[in-house]
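Structural description and commentary
Each chain, letter by letter, is given below.
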Amino acid sequence: MLIKHPRGWDIPETLTTPEHVFLNRRSFLAGMTGAVGAIGLGTLRASAEEIDPTADLYPARHNEAFVAGRATTPEKTNSMYNNFYEFGSHKQIYDAAQALPIRPWAVVIDGEVEQEMTIDIDDLIRRMTLEERVYRHRCVEAWSMVVPWTGFPMRKLVDLAKPLTSATYVRMETFQNPEVARGQRANWYPWPYVEGLTLDEAVNDLTFMVTGAYGKSMAKQFGAPIRLHAPWKYGFKSVKSIVRFTFTRERPVSFWEEIQASEYGFWANVNPEVSHPRWSQASERVLGTDERIPTQLYNGYGEWVADLYKGLEGERLFM
Ligand SMILES: Nc1nc2c(c(=O)[nH]1)N[C@H]1C(S)=C(S)[C@@H](COP(=O)(O)O)O[C@H]1N2
Ligand SMILES: [Mo]
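Presented here is a report on the structure given in the accompanying data block. Throughout this description, residue numbers start from 1 for each chain and increase along the sequence as written. Here the convention is simple: chains get letters from A, ligands get numbers from 1, in the order in which they are written. Totals for whole chains, interfaces and linings use all residues, but because this is a predicted model, local features are given only for residues with pLDDT of at least 70 and pairs of side-chain atoms are given and counted only at 80 or more. Only heavy atoms go into the side-chain values, all of them from the structure, while hydrogens and water stay out.

**Thoughts on the overall build of the protein chain**
- A count of helices and strands for the protein chain gives 9 helices and 13 strands.
- Exposure is judged per residue with a 1.4 Å probe applied to protein chains only, and the accessible area is read against the type maximum: over 50% gives exposed, under 20% gives buried, and values in between give partly exposed. By the burial criterion, 57% of the 319 residues in the protein chain qualify as buried.
- Any two residues whose heavy atoms approach within 4.5 Å are treated as being in contact. Of the contacts formed within the protein chain by residues at least 6 apart in sequence, a portion of 75% connects residues at least 24 apart.
- Only the protein chains shown count as covering a residue, and every accessible area follows the Shrake-Rupley method with a 1.4 Å probe. Accessible surface computed for the protein chain: about 13,600 Å², of which carbon and sulfur atoms make up 53%. Secondary structure is summarised from DSSP: a helix means a run of H or I of at least four residues, a strand means a run of E of at least two, and numbering begins at the N terminus for each.

**A word on empty space enclosed by the protein**
- Of the two site types, the cavity is a set of points on a 1 Å grid over the protein atoms alone where a 1.4 Å probe fits but cannot get out, and the pocket is an open set with protein on both sides within 12 Å along at least five of seven lines, each lined by residues with an atom within 4 Å of a point. Grid points are joined across faces, edges and corners, and a volume is the space filled by probe spheres set on the points. Inspection of every chain in the model, using the stated rule, returns 4 cavities of 30 Å³ or more.
- In this structure, the largest cavity encloses a volume near 270 Å³.
- Lining the largest cavity we find 22 residues, and of these Asn83, Phe84, Arg227, Gly235 and Lys240 sit closest to its centre.
- Note on residue classes: Ala, Val, Leu, Ile, Met, Phe, Trp, Tyr, Cys and Pro are nonpolar, Asp, Glu, Lys and Arg are charged, and everything else, Gly too, is polar. Counted by class, the lining of the largest cavity contains 11 nonpolar, 7 polar and 4 charged residues.

**Some words on the packing of aromatic side chains**
- For Phe, Tyr and Trp, rings pair up if their centres lie within 6.5 Å, where Trp contributes its six-membered ring, and each pair is then called stacked (planes under 30 degrees apart), edge-to-face (over 60) or tilted (otherwise). Inspection of every chain in the model, using the stated rule, returns 28 aromatic pairs.
- With a centroid separation of 4.9 Å and 85 degrees between ring planes, the pair formed by Phe84 and Phe87 is classed as edge-to-face.
- For the pair Trp149 and Phe222, a centre-to-centre distance of 6.0 Å together with 90 degrees between the ring planes defines the contact as edge-to-face. Highlighted residues: Trp149 in strand E5 (residues 143-153) and Phe222 in the loop between strand E9 (216-217) and strand E10 (227-229), separated in sequence by 73 residues.
- For Trp149, a relative accessible area of 0% gives the class buried.
- A relative accessible area of 3% places Phe222 in the buried class.

**Points about the pattern of salt bridges**
- We count a salt bridge whenever a side-chain nitrogen from Lys or Arg sits within 4 Å of a carboxyl oxygen from Asp or Glu. Per the stated rule, a full pass over the model turns up 18 salt bridges.
- Here Arg244 ties to Asp110 by a salt bridge, and the two come within 2.3 Å at their closest N and O atoms. With Arg244 in strand E11 (residues 242-248) and Asp110 in strand E2 (residues 106-111), this pair connects stretches of sequence that are 134 residues apart.
- The exposure class of Asp110 is buried, given its relative accessible area of 12%.
- Note that Arg249 and Glu112 form a salt bridge whose closest N and O atoms lie 3.1 Å from each other. One end of the pair, Arg249, is in the loop between E11 and helix H8 (255-259); the other, Glu112, is in the loop between E2 and strand E3 (117-120), and 137 residues separate them in sequence.

**A few points about unusual backbone geometry**
- For the bond running from Tyr58 to Pro59, omega is -10 degrees, close enough to zero to count as cis.
- Relative to the elements of secondary structure, Pro59 occurs in the loop between helix H2 (41-50) and strand E1 (61-62).
- A cis amide bond links Ala224 to the next residue, Pro225, at an omega of 0 degrees.
- The backbone of Ala142 shows a phi angle near 70 degrees, a positive value even though the residue is not glycine.
- The residue Ala142 is located in the loop between strand E4 (131-138) and E5 in this model.
- For Ser241, which is not glycine, the phi dihedral falls at a positive 45 degrees.
- You can see Ser241 is positioned in the loop between E10 and E11.

**A short note on the site of ligand 1**
- Any residue with a non-hydrogen atom lying within 4 Å of a molecule or strand is treated as near it. Close contacts around ligand 1 come from 19 residues, with Tyr85, Glu86, Arg227, Ser238 and Lys240 the closest.
- Polar contact is the term for a pair of N or O atoms within 3.5 Å; when the atoms are in protein, one must be able to donate a hydrogen and the other to accept it, and sequence-neighboring residues count only if both atoms are side-chain atoms. Interatomic distance of 2.7 Å between a side-chain N/O atom of Arg227 and an oxygen atom of ligand 1.
- Here a nitrogen atom of ligand 1 and a backbone polar atom of Ser238 are 2.9 Å apart.
- Cavities and pockets are treated as containing a molecule whenever more than half of the molecule's atoms lie within 2 Å of their grid points. Structurally, ligand 1 is housed in the largest cavity.
- Across the shell around ligand 1, the residue classes tally to 9 nonpolar, 6 polar and 4 charged.

**Re helix H6 (residues 154-161)**
- Taken residue by residue, H6 has Met154, Leu157, Val158, Leu160 and Ala161 as its buried positions. What you see down the axis of H6 is that its buried residues fit within an arc of 160 degrees, all on one side.
- Positive phi shows up at Lys162, right after H6, with a value of about 50 degrees. What the arc measures is the spread of directions leading from the helix axis to the C-beta atoms.

**A closer look at the side chain of His276**
- Within the secondary structure, His276 is located in the loop between H8 and strand E12 (283-286).
- Side-chain polar atoms of His276 contact the side chain of Tyr264, separated by 3.4 Å.

**Section: the environment of Pro148**
- Inspection of the secondary structure assignment puts Pro148 in strand E5.
- Relative accessible area serves as the criterion here: at 10%, Pro148 is assigned to the buried category.
- Apart from the residues within four sequence positions on either side, Pro148 is in contact with Thr72, Glu132, Arg133, Val134, Gly212, Ala213 and Tyr214.

So, in structure tokens, the structure goes:
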């Protein structure tokens, strides 16, 4: 359903600020990396596909169980507006991200598992049955998008890993490569980017490992060759370009939590009634439009995930 509010209801863009704003001065100084060149979508697509040995798996079967209820964000809009701090603390990182080498790409599965392993990304992808799911994505900065992802349920990766009964959490880690990812030269950030889920969250039907978008292998700025999307949580939970899955009994401390725990917690479930300390989460700007729509509890996915949080009411579930 598309809900259009009078323009007057719109909160000014300046009321919501990027995750990094408390670092404003330092990141401003560090962010002076020069102008971003104009680059066509065709170029972006070609560079991602040329080197993907699993490109033949796209487009994959569309799973109709997941309906976004509003229009898909145009590919071009979405491809040119990204959060990927490894390449800069602003949204126009698509050009810089093309420098990331994504083959060969090894994925380590370790920690509390029957057998630790390192698996090549193409072996991993070919072991899975890829499917397409259209998901809503809600960034903590109060903008949202709708993306046709291709990938596989994270449960399949957990099955492959065979965690021990002692494992309660999965910690996911992004690559570390300051040579090409200039943002990683900013040493006041706790690189590499880390995120985590409980094992129960990881095996939920919704939790998706993404390898493709818009019917083909995923462009680098989306977090190729493999990223998470947990669509009932704020976008920062959906870690990009993953190199390690660690099964652990300790709750991982995520990148943003380590920087500012009072603003970005472990659970980060979407809730319009729980404001960010510096702005309201009641509504969201729809990327690529001039609309602002109400935000939904669990980003509208409560049917899948609300049960996960029974008995956890004492936790800071929504921040
Ligand atoms: N490694 C890594 N993963 C990340 C981020 C990041 O900066 N680095 N940003 C997060 C945030 S805040 C959002 S909103 C989404 C953005 O995904 P998109 O660029 O594909 O829209 O990626 C998330 N995953
Ligand atoms: Mo975000």
